[in-house]
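Chain by chain, the residues:
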Amino acid sequence: MARYILRRLFLGVFAVLGATIVVFTLSRIGGDPRYLYVSDASYGVDKEVWEAWGEKLGLDRPLVVQYGMWIGRAMRGDLGNSTAAQRPVIGVLKEKSAATLQIAVASWVLSFLVGIPLGVLSALTRGRAVDYAARIFALLGQSAPTFWLGIIGILIFSVQFGWLPAGTRGEGIAISNMVLPVFVLGLHPMASYLRLTRSSMLEILDSEYIKFARAKGVREWLVIWKHGFKNAFLVPLTFSGMLLVHFLTGTVVVETVFSWPGLGRLAIQSIWASDFPTLSTLVMFFAALYVVAVLILDILYAALDPRIRYT
Amino acid sequence: MRPWTRGYGIRKMSTTAGAEGTKVTPRLRWTGLPRKTWLFFRRYPVIPMAILVLLLVVAAIAPWIEPYPPLETSTRETLVPPFWYAEGSAKYLLGTDGSGRDVLSRIIQSTRITVAIVGISLGISIVVGTTLGLIAGYYGGWVDEVIMRFLDMWSSLPVLLVVLTIVMVMGQGFAVLIGSLALITWPQPVRLVRVEALRLRSQDYVNLAQVAGASKGRILYRHILPGVVNTVVVVATLRAGTLILTEATLSFLGAGVPPPNPSWGAMIADGRDYIQEAWWITVMPGIALLLVVMAGNFLGDWLRDHFDPRLRQV
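The structure displayed is predicted, hence computed values, not measured ones.

Trainee: Please provide a residue-by-residue account of the overall build of chain A, values included.
Mentor: A tally of regular secondary structure across chain A gives twelve helices and two strands. Counting from the amino terminus, helix and strand elements in chain A follow one another as α-α-α-β-β-α-α-α-α-α-α-α-α-α. With respect to the three principal axes, the spread of C-alpha positions in chain A is 85 × 60 × 30 Å. Restricting the contact set of chain A to residue pairs at least 6 apart, pairs at least 24 apart contribute 71%. Of the roughly 16,000 Å² that chain A leaves accessible, carbon and sulfur atoms contribute 65%.

Trainee: Tell me about the overall build of chain B, and name the residues and values.
Mentor: When its secondary structure is counted, chain B shows eleven helices and two strands. Ordered by position from the N terminus, the helices and strands of chain B form the series β-β-α-α-α-α-α-α-α-α-α-α-α. Out of the 314 residues belonging to chain B, those deemed buried represent 49%. Pairs at least 24 apart in sequence give 68% of the contacts found in chain B among residues at least 6 apart. Total accessible area on chain B stands at roughly 15,600 Å², and carbon and sulfur atoms take up 64% of it.

Trainee: Which residues make up unusual backbone geometry, and what values do they have?
Mentor: Looking along the chain, the bond that leaves Pro259(B) and enters Pro260(B) is cis, with omega of 5°. Its place among the elements puts Pro260(B) in the loop between α9 (216-252) and α10 (264-271). Of note in this structure, Ser259(A) is not a glycine but carries a positive phi near 45°. Residue placement: Ser259(A) occurs in the loop between α10 (234-257) and α11 (263-272). Relative accessible area serves as the criterion here: at 29%, Ser259(A) is assigned to the partly exposed category.

Trainee: Any details on helix α9 (residues 220-232) of chain A? Residues and values, ideally.
Mentor: All names here are of chain A. For α9, every residue scored as buried is listed here: Val223, Ile224, Gly228, Phe229 and Ala232. Taken around the axis of α9, the buried residues stretch over an arc of 130°, which confines them to a single face. For α9, exposure combined with an orientation more than 90 degrees from the buried face picks out Lys226 and Lys230. Buried-residue contacts for α9 involve α4 (89-124), α7 (175-205), α8 (208-215) and α10.

Trainee: Please provide a residue-by-residue account of the packing of helix α6 (residues 174-185) of chain B against helix α7 (residues 187-201) of chain B, values included.
Mentor: Look at α6(B) against α7(B): their axes get within 5 Å of each other, and the N-to-C directions meet at 35°. Residues Leu183(B), Ile184(B) and Thr185(B) of α6(B) form the contact with α7(B), whose participating residues are Pro187(B), Gln188(B) and Pro189(B).

Trainee: Please set out the nonpolar core residue by residue, giving values where relevant.
Mentor: A general feature of soluble globular proteins is that nonpolar side chains tend to end up buried together. Within the largest apolar cluster, 128 residues are counted, with the highest numbers of intra-cluster contacts made by Phe147(A), Leu164(B) and Ile224(B). Excluding residues within four positions of it along the chain, Leu164(B) makes contact with Val252(A), Ile268(A), Ile271(A), Leu250(B), Leu253(B) and Ala255(B). Ile116(A), Met201(A), Leu202(A) and Ile204(A) belong to the second largest nonpolar core, which has 17 residues in total.

Trainee: Got a sec to walk through the pattern of salt bridges? Specific residues and values, please.
Mentor: Under the definition given, this model contains 14 salt bridges over all chains. A salt bridge links Arg191(B) to Asp152(B), with the shortest nitrogen-to-oxygen separation between them at 3.7 Å. Residue Arg191(B) is located in helix α7, and its partner Asp152(B) is located in helix α4 (residues 141-155); the two are separated by 39 residues in the primary sequence. Overall, Asp152(B) belongs to the partly exposed group, its relative accessible area being 27%. Through salt bridges with shared partners, a single ionic network connects Arg195(A), Asp301(B), Arg304(B) and Asp305(B).

Trainee: Outline the interface of chain A and chain B, listing residues and values.
Mentor: Between chain A and chain B, the contact holds 53 residues from the first and 48 residues from the second. Both sides of the chain A and chain B interface together cover about 4,600 Å² of buried area, and 76% of this is carbon and sulfur. Across the chain A-chain B interface, the total number found is one salt bridge. Residue Asp301(B) pairs with Arg195(A) through a salt bridge whose shortest N-O separation is 2.9 Å. Linking chain A with chain B are five residue pairs in polar contact (both at pLDDT 80 or more). Elements represented by at least two residues in the side of chain A that touches chain B include exactly α1 (2-29), α5 (129-143), α6 (146-160), α7, α10, α11 and α12 (276-304) of chain A. At nine residues, α1(A) tops the list of elements feeding residues into the side of chain A that touches chain B.

Trainee: Help me get a handle on the confidence of the model for chain A, residues and values and all.
Mentor: Looking at chain A, the pLDDT average stands at 82 and 93% of residues meet or exceed 70. Per-element confidence in chain A ranges from a low mean pLDDT of 74 for helix α2 (residues 47-57) of chain A to a high of 91 for α5(A).

Trainee: An account of the packing of aromatic side chains is requested, with residue identities and associated values reported.
Mentor: All names here are of chain A. Here the structure, examined in full by the defined rule, presents 18 aromatic pairs over all chains. Ring geometry for Trp225 versus Phe229: centroids 5.1 Å apart, planes at 65°, classification edge-to-face. With a gap of four residues between them, Trp225 and Phe229 both fall in helix α9, about one helical turn apart. For Trp225, a relative accessible area of 36% corresponds to the partly exposed category. What makes Phe229 buried here is its relative accessible area of 17%. Between Phe285 and Phe286, the aromatic rings sit 6.1 Å apart at their centres with planes inclined by 40°, giving tilted as the arrangement. Assessed through its relative accessible area of 31%, Phe285 is described here as partly exposed. Judged by its relative accessible area of 2%, Phe286 falls in the buried class. Through pairs of rings, three or more aromatic residues link up here, namely Trp108, Phe112, Tyr193, Trp225, Phe229 and Phe233. Seen from the ring of Tyr132, Arg135 lies directly overhead, with NZ or CZ sitting 5.5 Å from the centre.

Trainee: Before we move on, could you go through the environment of Tyr221(B) and cite the residues and values that matter?
Mentor: Structurally, the position occupied by Tyr221(B) is in helix α9. Separated by 87 residues in sequence, Tyr221(B) and Leu134(B) place their C-alpha atoms 9.3 Å apart.

Trainee: Report on a nonpolar patch on the surface, specifying residues and quantitative values.
Mentor: Together, Leu101(A), Val105(A), Trp108(A), Val109(A), Leu113(A) and Val114(A) give the surface a local cluster of nonpolar side chains, amounting to about 510 Å² of exposed area. Structurally, Val109(A) is set in helix α4.

Trainee: How would you sum up the packing of α6(A) against α10(A)? Please name residues and give values.
Mentor: Residue and element names in this part refer to chain A. Contact geometry of α6 with α10 gives a least axis separation of 9 Å together with a crossing angle of 30°. When the axes of α6 and α10 are compared, the pair comes out roughly parallel. Crossing handedness for the pair α6 and α10: right-handed. Of the residues in α10, those touching α6 at Thr146, Phe147, Gly150, Ile151 and Ile154 are Val253, Val254 and Val257. Here the contact of α6 with α10 is composed, by residue class, of six nonpolar, two polar and no charged.

What counts as what
- Residues numbered from 1 in each chain as written.
- Chains lettered and ligands numbered in written order.
- Predicted model: local features only at pLDDT ≥ 70, side-chain atom pairs only at ≥ 80, totals over all residues.
- Heavy atoms only, no water.
- Helix = DSSP H or I, 4+ residues; strand = E, 2+ residues; numbered from the N terminus.
- Contact = heavy atoms within 4.5 Å.
- Areas by Shrake-Rupley, 256 points an atom, 1.4 Å probe, with all protein chains shown as cover.
- Buried < 20%, exposed > 50% of the residue type's maximum accessible area, 1.4 Å probe, protein only.
- Arc of directions from axis to C-beta.
- Axes fitted to C-alpha atoms, helices over the stretch in contact; angles between N-to-C directions.
- Core = buried A, V, L, I, M, F, W, Y, C linked by side-chain atoms within 4.5 Å.
- Salt bridge = Lys/Arg side-chain N within 4 Å of Asp/Glu carboxyl O.
- Buried area = accessible area lost by both parts, 1.4 Å probe.
- Polar contact = N/O pair within 3.5 Å; in protein donor to acceptor, adjacent residues only side chain to side chain.
- pLDDT = per-residue confidence, 0-100.
- Phe/Tyr/Trp six-rings, centres within 6.5 Å; stacked < 30°, edge-to-face > 60°.
- Lys NZ or Arg CZ within 6 Å of the ring centre and 35° of its normal.
- Patch = residues over 30% accessible without salt bridge, like charges linked within 9 Å, V, L, I, M, F, W, Y side chains within 5 Å.
- Parallel < 35°, antiparallel > 145°, perpendicular 65-115°, else oblique.
- Left-handed = near helix turned anticlockwise from the far one by under 90°.
- Nonpolar A, V, L, I, M, F, W, Y, C, P; charged D, E, K, R; others polar.

Given below as structure tokens:
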């Protein structure tokens, strides 16, 4: 087990390093980073100032050294200054992450609590009206464009009926402000959980040991939940990592639609402000988050399923 | 357990005549043509196929069926509602947007653009993904390790943000968009094709081909590739829907199809400003998008269930 965790940890570090290389490459494809500080409309800068900047930023050194310097600074928590906010990126990130966490956690809980029971229900009523309804819901949830759904939600619940606010976070933890973003963000993962649970549950319920449990007279309720669901549950659990990607992309869209002041909206704003330091930090932050989540899930999976060989 | 045998509806009543005075229970069931039609629709994905064929046809003949040039603006006829409204007119079936452009024409034109972009990027990613998957699965060893570790690294990237960064750095354009979409899509075929190639590698007929002196390239191309075609087709169909969604999302965020070209995502973004007075600008392209993505996903599921049931539902 320890060796397994160690190997996964090593691969995780490798993945995050890869992400930094991608970001660094992108920063250099974009041309000389000094142009970030010189706007097109200005008078430009002296050659001497230009050279001084180059020396300060280490642009006269080879690319590998530049990458090393950048990584070294990043490890010490210095990710540069946001060119839009004129202060350290880390500070901006800390400020915005709570808002994103708020809706991301809420919609994950929602999708988990709705998607998985619906999946079990759909598997148990296979071929009947309930199953059809659940499957249509899953298909809709996976096909509906998040941003469009958000706008439709605003159109119906804010413009038409005026029940819910059309956006913004509100004061403190405002539930009415959260309802629309959380539901819109959670719909896609909800549909994915439903489908995964359904297919895995159907597979398990078809197996020999379930038939045996029934034959020996175990109560149906126990067969479904103890023998069936306990095993079927591992599949949606392992796919949670992949669903996390949907959350990360989803927050960008949902926060844009609902003017939610979180990391996703920050990413979009930094694109329009050409704020490369902020954007690159966000890319690395999300990559690291994903790697950590997948690592935890892998270890959890190995701990829950004794059949897994630790390779 | 099958819904149609329990009989909803008003078909032939086979009355079981009871004794005089007892209540006759009519047994209703589908028979004849309606039942056959229902079975046919249940068995084959007719409606999704029809939607996708319509999509391709519209994309192919778009310039000839657009009622108006999609970029033509009008200063007088802005925000005209669809034809069924009293203020609407048959001139603009789905109304006009804030610049007086015909919504229907713009939807038709974006169909063409979307199909072209998604088609090309899907083609690139499938070819690259399949090739890498075949190589990784067939050669194994360190080649496999390198490809798969790179894939792991790539999958951990928040692709949407990376693509947005690429667009910020390189500017908006069709080439950048197609490249970005291909970058997002290529990993999935690699994983699935690799597993198939691993399985086929140890089959007898592959070993026999090797004994007969076939080169590695020939074995890959003639003996392994045909075996993974099913997987590739299923993956391609399933990815098509996701790609269309991603393209629309990018266009919505302003990093997709370069303006002033119409695109479903960008149209929805434009419509946000008029959501109070002109819902159709937002809703209409969204319906087109939803129908196409649903049709793609449904067809993909169907193909997988029939040709490659080993693939797991996600």
